[in-house]
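Chain by chain, the residues run as shown.
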Amino acid sequence: MKISLNSIKMVSLGIVLAFLLGGCSGGSSETSSGGGESSDTSLDGGSNSVTSSSDPLGTLSIYLTDAPTDEVSSVNVYITGLTVKRSGASVERFSNDVGLIDLLTLRNSSLLMAEKNVRAGDYEFIRVELDQSRSNVIDKSTGETLPLKIPSEEIKVHGGFVVPTGGFTNIVLDFDADKSLVKLGNGNWLLKPVIVKK
């Protein structure tokens, strides 16, 4: 059988091309594997970053107590909410609708208003939000229920505190009714809240 020179060239060329294609295929597989490792590293890094950025928690409890007053028999304040301010962060809602509290029942005791887990760290203040329309006083001499005017309907209690990671912080707000109440000329009462953090 006669084999032409052109046929030999074609066969040789086919062998060379097959070898080259095989080599390229192997290289592509290795690169893909490397890319997979890179992808895994990226996912791990993302997971670690989420874990490291999550803030550790501590437990904050806010209590209310009161100093005595002899002018009225009840001082009923309706607390609509509590907010707290952590250093370097915005004001956060701590509790909603604490409810109606007669301050004079807390002369020798304290009432737990709210407790929850919060981000650990330094805190700047607590803000107490009040509802004037649902607050009142009871006159000691007449027993009459009188409206209680609260100009700002909120009290910002300054004085920093720390919530430790995994720990507990108890804050007692001492609402001094005797210093806070002002009797108006028409017989009604004005509340200028004086609260001290203990």
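Cut-off values and rules
- Residues numbered from 1 in each chain as written.
- Predicted model: local features only at pLDDT ≥ 70, side-chain atom pairs only at ≥ 80, totals over all residues.
- Heavy atoms only, no water.
- Helix = DSSP H or I, 4+ residues; strand = E, 2+ residues; numbered from the N terminus.
- Buried < 20%, exposed > 50% of the residue type's maximum accessible area, 1.4 Å probe, protein only.
- Contact = heavy atoms within 4.5 Å.
- Areas by Shrake-Rupley, 256 points an atom, 1.4 Å probe, with all protein chains shown as cover.
- Pairing = 2+ DSSP bridges.
- Core = buried A, V, L, I, M, F, W, Y, C linked by side-chain atoms within 4.5 Å.
- Axes fitted to C-alpha atoms, helices over the stretch in contact; angles between N-to-C directions.
- Phe/Tyr/Trp six-rings, centres within 6.5 Å; stacked < 30°, edge-to-face > 60°.
- Lys NZ or Arg CZ within 6 Å of the ring centre and 35° of its normal.
- Salt bridge = Lys/Arg side-chain N within 4 Å of Asp/Glu carboxyl O.

Before going further, it helps to examine the overall build of the chain. The secondary structure content of the chain amounts to two helices and eleven strands. Order of helices (α) and strands (β) in the chain, N terminus to C terminus: α-β-β-β-β-β-β-β-β-α-β-β-β. Residues classed as buried in the chain amount to 35% of the 198 residues present. Sequence separation of at least 24 residues holds for 72% of the intrachain contacts in the chain that already meet a minimum separation of 6. A total of about 11600 Å² of accessible surface is found on the chain, and carbon and sulfur atoms cover 54% of it.

For the rest of this paragraph, the subject is the environment of Glu124. With respect to the helices and strands, Glu124 occurs in strand E5 (residues 121-139). Given a relative accessible area of 34%, Glu124 falls into the partly exposed group. Through-space distance from the C-alpha of Glu124 to that of Gly160 is 4.5 Å; in sequence the pair is 36 residues apart. Beyond its immediate stretch of four places on either side in the chain, Glu124 contacts Lys85, Ser87, Gly88, His158, Gly159 and Gly160.

We now examine the pairing of strand E6 (residues 145-149). Sheet topology places E5 next to E6; three bridges connect them, and they run antiparallel. If you follow Asn136 over to E6, its bridge partner there is Pro147. Counting the residues that bridge the hairpin from E5 to E6 gives five residues, and of these Gly143 lies at a positive phi of roughly 75°. For E6 and strand E10 (residues 189-191), the ladder comprises two bridges, and the chain directions are parallel. Residue pairing for E10: Leu148 is matched across the bridge by Trp189.

Moving on to the nonpolar core. Judged by nonpolar contacts, the single largest core of 37 residues is most densely connected at Leu60, Ile62, Leu64, Val75, Ile79, Leu148 and Leu173. Element by element, the count of residues in this core is highest for strand E2 (residues 72-86), at six residues. When neighbours within four sequence positions are excluded, Ile62 is seen to be in contact with Leu82, Val84, Phe94, Leu111, Leu112, Met113, Ala114, Ile126, Ile171 and Leu173.

Attention now moves to the sheet that holds strand E8 (residues 168-176). Here we have four strands laid out as an open sheet, ordered E4-E1-E8-E11, and mixed in their pairing. Where the open sheet ends on each side, the last strands, each with one partner, are strand E4 (111-119) and strand E11 (195-197). Each strand of the sheet is rotated relative to its neighbour by a mean of 20°, with strand direction disregarded. The sheet contact formed by strand E1 (residues 57-67) and E4 spans eight bridges and is antiparallel. Along E4, the bridge assignment pairs Leu64 with Leu111.

What follows deals with the side chain of Asn76. Looking at the element boundaries, Asn76 is found in strand E2. The class for Asn76 is buried, based on a relative accessible area of 11%.

Applying the stated rule across the entire model yields one aromatic pair. Residue placement shows Arg134 over the ring face of Tyr78; its charged tip is 3.8 Å from the ring centre. Above the face of the Phe125 ring, Lys156 is positioned so that its terminal group lies 4.6 Å from the ring centre.

Let us look at unusual backbone geometry. The phi torsion at Asp97 lies on the positive side, around 50°, for a residue other than glycine. Inspection of the secondary structure assignment puts Asp97 in strand E3 (residues 91-102).

A full pass over the atoms with the stated rule returns seven salt bridges. For Asp131, the salt bridge goes to Arg134, with nearest N and O atoms at 2.7 Å. By relative accessible area, Asp131 is classed as buried at 14%. Salt-bridge contacts for Lys198 lead to Asp174; the nearest nitrogen and oxygen are separated by 3.2 Å. On the criterion of sequence distance, the pair formed by Lys198 in the segment after E11 and Asp174 in strand E8 is long-range, its members being 24 residues apart.

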